[in-house]
Amino acid sequence: MAEKKVIIYRCPVCFARENDVVINKYDGVYRCVKCSFFGSEEQIQKMYADLRQKYTLRTTRITMEDMENM
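Residues numbered from 1 in each chain as written. Predicted model: local features only at pLDDT ≥ 70, side-chain atom pairs only at ≥ 80, totals over all residues. Heavy atoms only, no water.

Visitor: Would you mind going over the overall build of the protein chain in detail, with residue names and values included?
Guide: For the protein chain, the helix and strand inventory stands at 3 helices and 3 strands. In terms of C-alpha radius of gyration, the protein chain reaches 17 Å, well past the compact-globule figure of 11 Å for 70 residues. Overall size of the protein chain, expressed as C-alpha extent along the three principal axes, is 50 × 35 × 20 Å. In the protein chain, which comprises 70 residues, the proportion classed as buried is 19%. (Helix = DSSP H or I, 4+ residues; strand = E, 2+ residues; numbered from the N terminus. Rg over C-alpha atoms; globule rule 2.2 N^0.38 Å. Buried < 20%, exposed > 50% of the residue type's maximum accessible area, 1.4 Å probe, protein only.)

This is the structure:
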């Protein structure tokens, strides 16, 4: 039997402020209870992409020479 995979989204606005709030889907639109964000799945994916850029070098060690060359 195939089970349907449930996708849970976090509010991108709250997540950018380092709060972890799960958003709910009402009438085809995702809404955040805490900050009143609402948007489509495409908007959420775009905001997630922006957040990924913020943390691209998080696991990379940057030396002083690397910072001077940036």
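Visitor: Give a description of unusual backbone geometry that names residues and reports values.
Guide: In this model, E18 sits at a positive phi of 65 degrees, which is unusual for a non-glycine residue. The exposed category is assigned to E18, whose relative accessible area is 63%. If you check the backbone angles, D27 has positive phi at about 55 degrees while not being a glycine. Relative to the helices and strands, D27 resides in the loop between β1 (24-26) and β2 (29-31). Residue classification places D27 among the exposed positions, given a relative accessible area of 82%.

Visitor: Any chance you could break down the nonpolar core for me, citing the residues and the numbers?
Guide: Note on soluble globular proteins: their nonpolar side chains tend to be buried together. Judged by nonpolar contacts, Y9, C11, C14, V21, I23, Y30, C32, F37, I44, Y48 and L51 together constitute the single largest core of 11 residues. Examining the composition of this core, we find that 3 residues originate from one element, helix α2 (residues 41-54), more than from any other. In contact with I23, other than residues within four places in its own chain, are Y9, R10, C11, Y30, R31, C32 and I44. (Core = buried A, V, L, I, M, F, W, Y, C linked by side-chain atoms within 4.5 Å. Contact = heavy atoms within 4.5 Å.)

Visitor: Describe a nonpolar patch on the surface, and please don't skip the residues or the numbers.
Guide: Taken together, the side chains of L57, I62, M64, M67 and M70 define a hydrophobic patch exposed on the protein surface, amounting to about 540 Å² of accessible area. By the secondary structure assignment, M64 is in helix α3 (residues 64-69). On the basis of relative accessible area, M64 is assigned to the exposed category, the value being 56%. (Patch = residues over 30% accessible without salt bridge, like charges linked within 9 Å, V, L, I, M, F, W, Y side chains within 5 Å. Areas by Shrake-Rupley, 256 points an atom, 1.4 Å probe, with all protein chains shown as cover. Salt bridge = Lys/Arg side-chain N within 4 Å of Asp/Glu carboxyl O.)

Visitor: Before we move on, can you summarise the state of the cysteines with the specific residues and values?
Guide: A full pass over the atoms with the stated rule returns 0 disulfides. For the unlinked cysteine C35, the closest cysteine sulfur is that of C11, found at 3.6 Å. Overall, C35 belongs to the partly exposed group, its relative accessible area being 25%. (Disulfide = S-S within 2.5 Å.)

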